[in-house]
Amino acid sequence: MTAQTTGRQSPTPVPAAVRRRLPSWFGTWEITLLALVVLAVALASATSPYFATGQNFSISATGALGLSLMVVPMAWLMVAGEIDLSVASTFALSATVFGLAVSGGLGTWPAIGLGVLTGAVAGLVNGLLVVDVGLPSLIVTIGTLGLYRGLSYVLLENRGISDLPPGLTTFAQENLPGTLVPYGFVAFVVVAVAAAVLLHRGALGRAVFAIGSNAQVARFSGLRVGAIKRGLFVFSGVVAAIAGIAYAGYISTVRASNGTGLELIVVGIVLIGGISMYGGKGSFVGVLLALLLVTVLTSWMTLGDAETAVQYMVTGLLMVGAVVVPALSRRLHMSRERRRSAGSVR
Amino acid sequence: MSTPVIELSGVAKRFGGVVAVRHVDLALFPGEVHALLGENGAGKSTLVNMLAGIHRPDAGAIIVDGAEVTIPNPRTSRALGISVVHQHPVTFPDLTVTENIMLAGPAPRRRTRLLDWGTARRHAREALARLDVHLDISAEVKHLSAADQQLLEIAKALDTGTRLLVLDEPTAALSTREVDRLMEIIARLKADGVSILFVGHRLNEVFALADRVSVSRDGATVVTGPAHEFTPESAVGHMVGRSVETAFPKAEVELGPARLEVRGLSRRGAYTDVSFTVRRGEILGLAGLVGAGRTEIARGLFGLEPADSGEIVLDGAAVSIGSPQQAMRHGVAYVPEDRHSEGVVLEHSIGFNLPLALLERRPRLGLLSPQADRALAGDYIDRLRIRTSGPDQLLGALSGGNQQKVVIAKWLATDPSVLILDDPTKGIDVGAKAEVHQLISGMAERGLTIILISNELEELLAVSDRVITFYRGAQGPEFDRRPFDAEQVLAAMTGQVSDVHV
């Protein structure tokens, strides 16, 4: 069967012309997410007078910084067909090292450096175990999830370090002077835009898509599959460290329990964003929309005094929906195709 | 002849928008060997699956003993006396021969409903005796050779009620001797009055065997007749829809200076002491059986599985190639053996796949230009005549031959000086093969150094300037003057001649 015949004869629900106009990074899934965001914003604004205010935006954006930052490398890793479940533990461990360094009298920047180095090493350990030992990243990072969290508890026990540098707390809690835009939000936007452009238009992003689609083909095309994957794990660790330190500044405390369970929300957002669990597919724009959707819903529920348990449930439902809806629609599409084709031959 | 055992009348089948079988008429008589020929994608396997009860025709009728039947599942197919041996063995590798044969039909049970192992073993022995093959019935199937597994498939498929045996490309994995054995079995079954449908595209076998021949093209039977009315050329003509003049155009090329030299290259467990020189514009063929070490040598030169010892010399200077990146820096490119798992990303577009081998040269954090990618893809689509709707088409939607052209284009885009082609026409149809051969010849004309590996000896001998044989990892005789003597090359490949330089 040649290509032309398939192209001409296959009846698809979306006309070819329309499909061609949609770029790869903004397809039907992204449109659906955008519609959900608009719907959520409209409902939230209608039910709560406090939702659509600059104040609420500022509070929500400040609170979501740690989570938002970690979503960026997770999206990259999952496009490459890997996953890092140890991010929230690295987040706590790096903050712990940073906090201990500060209370030990180290300056702010050297202490941040030490914390980020901790994250890099934590990521490198994951990378070495996955790439060089050849273990599945799901299993490796479940292991290091426990290891890094445990290490934080060993170092800090149940203490909290609250005497943090004022520069950090200002960055993590305050807005740009005279505006309602948090410092952290600006930092996140810079990181997110760079990550999005690089993933969809950069040489590295193209390599990551190729690796996630078929690592063997990537290797046979001369791409350094191992080095790139290792690099992504280190990137994940470094960003988790920065997020953890920023979060410590936001709540003004370093505790070994910081960010417990956050990894599932991070992974959830990436999945809701439409990135395939099996790698090679998805768009960063979708992930950003999913992040926006979850943040809007969280803010709405917080304003409505919903319990944290409910908030977890809603994120969970969205996650299941993100996997179920495309699978169902594909199945429906296929059975409709079958019936139509059977009819037309007779 | 008498009435047909089974007759297909105007059957059709489509999958989604793709018509796999358009209109097939086929009558199979008792005691005849009927060959069904066609290119890949001609609808042969779909036809087999309809007889096996895996697919149901959308239109037309299947007639058994003059009555129209429906075959909703494989069990019904078997009950009608149809035994199907599929192209790829469908055995359970971790179970024994006895268990595999037992699972092909209803398992024998005792009154207690427990399995009757004694009867199962007896059945297995009988099934193998019917074919006169000797296999250890308690051996696990994964320990059998490919040929024995194929025979087991036939033993499984046959039972005492078999009236039609369908063999879907049964000889693909077999050596010449094993094919002879299969031929004997077919002759015996034929004498017993079993009708045999032999589906394939290796022509020599077909003509040695068949009473009648049908050719299918684009999902329809285009011609049916007694085998003696066909020649291999006329059959190929019907398969591609035009007569193929010269399947292998080989241009005469003025050879340049030595480009690649290999001295004493060895890799433990793969090949030992390999030495050869290839010049610019030359096509060097590596001949050998599967497992002779040819692919391993290619991968050694490309740095995927570097050699343990020996020297690689490019343009007179010794180089070390320890990774694909190093190989590419020295202008070495490798078109791998397995297109789907090593060559292209099926779920992405031509525009995505074509620049893949160029990525390593780009700055890590640099940006790509979608316009440039599309232009590159468009350029190669024109130059290699890749049949597609455009650079945005997914690789998975292309035919095998066009996918292979994309793999070749991906490497040509890196502007290599040494191109290693590992079985570049595997699984692609006759028309596309000729185009690939033309392409290879054209690249040599432009001064590229080419190393060709092929499992089709005919192709290797037609396209190469020089042929080196390998047998079990050791370098054998070299043939450096066209036209090559196929029998001598074959003897060297199978280890029957061992003196170097003929």
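Residues numbered from 1 in each chain as written. Chains lettered and ligands numbered in written order. Predicted model: local features only at pLDDT ≥ 70, side-chain atom pairs only at ≥ 80, totals over all residues.

Novice: Explanation requested: the environment of B:Leu304 in the structure shown.
Specialist: Residue and element names in this part refer to chain B. With respect to the helices, strands and loops of the structure, Leu304 is situated in the loop between α9 (294–301) and β14 (309–314). C-alpha of Leu304 to C-alpha of Gln403: the two residues are 99 residues apart in sequence and 22 Å apart in space. Setting aside chain neighbours within four positions, we find Leu304 in contact with Arg299 and Pro324. (Helix = DSSP H or I, 4+ residues; strand = E, 2+ residues; numbered from the N terminus. Contact = placed C-beta atoms within 7 Å.)

Novice: Help me out: how do you make sense of the pairing of strand β17 (residues 418–422) of chain B in this one?
Specialist: All names here are of chain B. Within β17, five of the five residues are buried, which leaves it mostly tucked inside the rest of the structure. Every second residue of β17 is oriented toward a common face, with Val418, Ile420 and Asp422 on one face and Leu419 and Leu421 on the other, all of them buried. As paired elements, strand β16 (residues 332–335) and β17 share four bridges and run parallel to each other. Residue pairing in the sheet places Val332 in a bridge with Val418 of β17. Here five bridges tie β17 to strand β18 (residues 449–453), and the two strands are oriented parallel to one another. In the sheet register, Asp422 faces β18, and the bridge partner there is Ile453. (Buried ≥ 20, exposed ≤ 12 C-beta atoms within 10 Å, placed from the backbone. Pairing = 2+ DSSP bridges.)

Novice: Help me understand the UniProt feature "transmembrane region" (unreviewed entry) in chain A, please; the structure alone is not making it clear to me.
Specialist: Residues and elements named next belong to chain A. Per the UniProt record, "transmembrane region" (unreviewed entry) is found at residues 29–51, 57–78, 85–106, 176–199, 231–250, 256–277, 284–303 and 309–329. Spanning residues 57–78, this segment combines 95% helix with 0% strand, and its end C-alpha atoms are found 29 Å apart. Span residues 284–303 is 100% helix and 0% strand, its end C-alpha atoms 28 Å apart. (UniProt positions renumbered as here; feature names shortened; annotations may be inferred.)

Novice: So what exactly am I meant to see when it comes to the packing of helix α5 (residues 65–79) of chain A against helix α10 (residues 183–201) of chain A here?
Specialist: Packed helices, taken two at a time, are described by their axes: the angle between them and the distance between them. Residue and element names in this part refer to chain A. Look at α5 against α10: their axes get within 9 Å of each other, and the N-to-C directions meet at 10°. With respect to α10, the axis of α5 lies roughly parallel. Note on element contacts: α10 touches α5 through Gly184, Phe188, Val191, Ala192, Ala195 and Leu199, opposite Leu65, Ser68, Leu69, Val72, Trp76 and Val79. Residue classes in the contact of α5 with α10 are distributed as ten nonpolar, two polar and no charged. (Axes fitted to C-alpha atoms, helices over the stretch in contact; angles between N-to-C directions. Parallel < 35°, antiparallel > 145°, perpendicular 65-115°, else oblique. Nonpolar A, V, L, I, M, F, W, Y, C, P; charged D, E, K, R; others polar.)

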